Amino acid sequence: MYEDYYRFSAKPFQLNPDPRFFFGSKGHKRAMAYRNLFRQLESHNLVAAQLVSTQLDAEDTLRSVAASFGLEHEGLTKSALLKNLEDFLAAAARQGKRALLVVDEAQNLTPRAVEELRMLSNFQTSERSLIQTFLLGQPEFRGILQSPDMQQLRQRVVASYHLGPLDADETRGYIEHRLRTVGWHGTPGFDDEAFAELHRFTGGIPRRLNTTCDRLLLFGFLEEKNHFGEAEVAEVIADLKNEVAHQDFNGTTGVNNHAQTVGVLNNEDSARLAQRIDQVERSVNRILPIVRKILYTVSERHAAADGDASSDNPDTTH
C-alpha cells in the first residue's frame, strides 16, 4: 500500500524471513554461523533434514521428522515410525554419515513434541548418538527450555546461543538497511529522535521493530508525510498500545465488580468508558482513510482499464 507512495520495490518490514534483509549485527553474525554450520560440513558425510511446521502434536511431529528424511510415514503407527527412523539412522551411521535435524520455530512445539524429539537422542551406538537436533526458536523458546519439565532436554544440550536485542546504533542500522534494500534514498527521512524512540519502544527486538516501522510507514502514507520525528513515532506507538489494551475495566465482564448493585457506573468507571470510546474512535479514524484510499486506487485502476479497453476496441462509439 505505502510501497508505491515511497517508491519502494517491496515492503521493507515484512515479518516473513527473507535472506535479502539479513542484517549483520554482532549477535546475528554469530547466529548465522550456527545456521550455516551443517552447510560447511562435507555433504557426503552429512544427512540433514529441516522441520519447519512445528505447530503439531507429538505424533505428527514424528511423522514430519520421518517425512523430512524422505521416509515412509503415512498411516503408520508410532512404533512403526520409530522403527523406520532408527533403521534409517543406523544405516547412515554404518555408512559413516552423521544425521542432523534442524527444527525451526521451535517455540511452537508442545512439551510432548519436544519430548518426542528428545527421545530420538536415545537412538545411539556404543560411541555416540545417531542423530543431532538443532533447535531454532524465538526468544520465548528460551523460557520454555528453562521450565522444570524440560530438565532432561537441558541435560542433553551440547551448546546454546541466545540472540539478544539490537542496541541503539544497531537499531538505526537495521532500519536503514531494510529500507535501502527496497530502494530507499532518504525519503521518508528520520530524525535522530525518531530512531531513539523506536529503539526505546521496541527494545531493539527485530520483530517488534518490523511491526512498529511497518505501521509508521502506513501512517506516513495516510498522512502524506515524508519525514518522521519523535512526535510521529509517538503517535503510532500510542495507536499500537491502544490496540492491545485490555478491553475490560476491572474484570473480564467490562463492569466494575464492586458497583453492580444498581448497574450505575461511578465517576472512575465513566472516565474509563470515555477513554475506551475515544480509543475506538481513534481506531475507526485510522481505518477509514485506509478504506478510502483502497477504494480510490481500485476505482482509478478500473477506470484506466476501461479506458484502455475502449481505445483498443474499433467498434466503440465515442
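Just above, that's the structure.
Residues numbered from 1 in each chain as written. Predicted model: local features only at pLDDT ≥ 70, side-chain atom pairs only at ≥ 80, totals over all residues. Heavy atoms only, no water.

Novice: Give a detailed account of the overall build of the protein chain, specifying residues and quantitative values.
Specialist: Looking only at helices and strands, one finds 12 helices and five strands in the protein chain. In the protein chain, once contacts between residues fewer than 6 apart in sequence are set aside, the share between residues at least 24 apart is 69%. Entry remark: accessible area of the protein chain is about 19400 Å², with carbon and sulfur atoms responsible for 51%. (Helix = DSSP H or I, 4+ residues; strand = E, 2+ residues; numbered from the N terminus. Contact = heavy atoms within 4.5 Å. Areas by Shrake-Rupley, 256 points an atom, 1.4 Å probe, with all protein chains shown as cover.)

Novice: Residues and numbers for the pattern of salt bridges, please.
Specialist: For the structure on display, the rule yields 12 salt bridges. The partner of E232 in a salt bridge is K225, with the nearest N and O atoms 3.8 Å apart. Judged by relative accessible area, which is 18%, E232 ranks as buried. On the accessibility criterion, K225 (25% relative accessible area) is partly exposed. (Salt bridge = Lys/Arg side-chain N within 4 Å of Asp/Glu carboxyl O. Buried < 20%, exposed > 50% of the residue type's maximum accessible area, 1.4 Å probe, protein only.)

Novice: Explain helix α8 (residues 168–181) to me, using residue names and the numbers behind them.
Specialist: Spanning 14 residues, α8 covers 20 Å between terminal C-alpha atoms, matching the ideal 20 Å at 1.5 Å per step. If you check which residues of α8 are buried, you get E170, T171, G173, Y174, I175, E176, R178 and L179. Between a side-chain oxygen at the N-terminus of α8 and the backbone nitrogen of D169 the separation is 3.2 Å; the capping residue is D167. Phi for G183, located one or two positions after α8, is positive at around 100°. (Expected span 1.5 Å × (residues − 1). Polar contact = N/O pair within 3.5 Å; in protein donor to acceptor, adjacent residues only side chain to side chain.)

Novice: An account of the pairing of strand β2 (residues 98–103) is requested, with residue identities and associated values reported.
Specialist: A large share of β2 lies buried, amounting to five of its six residues. Both strand β1 (residues 46–51) and β2 contribute to a ladder of six bridges, which runs parallel. Residue pairing for β2: L51 is matched across the bridge by V103. Following the chain from β2 across helix α5 (residues 111–119) to the adjacent parallel strand β3 (residues 131–135), one finds a crossover that is right-handed. (Pairing = 2+ DSSP bridges. Right-handed = clockwise from strand over helix to strand, strands pointing away.)

Novice: If you had to explain the nonpolar core to someone new, which residues and values would you point to?
Specialist: Among the nonpolar cores identified, the biggest contains 29 residues, and V65, F69, L85, L101 and L120 are the most heavily contacted of them. Among the secondary structure elements, those contributing two or more residues to this core are β1, α3 (58–68), α4 (78–94), β2, α5 and α6 (140–145). The biggest single contributor to this core is α4, with four residues. One finds Y6, F190, L209 and L222 within the second-largest nonpolar core, a separate group that totals 28 residues. (Core = buried A, V, L, I, M, F, W, Y, C linked by side-chain atoms within 4.5 Å.)

Novice: Lay out α4 with the relevant residues and their values.
Specialist: Compared with an ideal rise of 1.5 Å per residue, which puts 17 residues at 24 Å, α4 spans 24 Å between its outermost C-alpha atoms and is within 8% of the ideal. Within α4 the residues assigned to the buried category are L81, L85, L89, A92 and A93. One face of α4 carries all of its buried residues, which in axial projection span an arc of 100°. Those residues of α4 that are exposed and angled more than 90 degrees off the buried face are S79 and R94. G96 occupies a position one or two residues after α4 and carries a positive phi of about 80°. (Arc of directions from axis to C-beta.)

Novice: Lay out the packing of aromatic side chains with the relevant residues and their values.
Specialist: Within the structure shown, the criterion is met by six aromatic pairs. Considering the side-chain rings of F190 and F195, the 5.2 Å spacing of their centres and the 25° angle between planes classify their relative orientation as stacked. Across the pair, F195 and F190 agree in class, each one buried. Taken together, Y5, Y6, F8 and F221 form an aromatic cluster joined through their ring pairs. (Phe/Tyr/Trp six-rings, centres within 6.5 Å; stacked < 30°, edge-to-face > 60°.)

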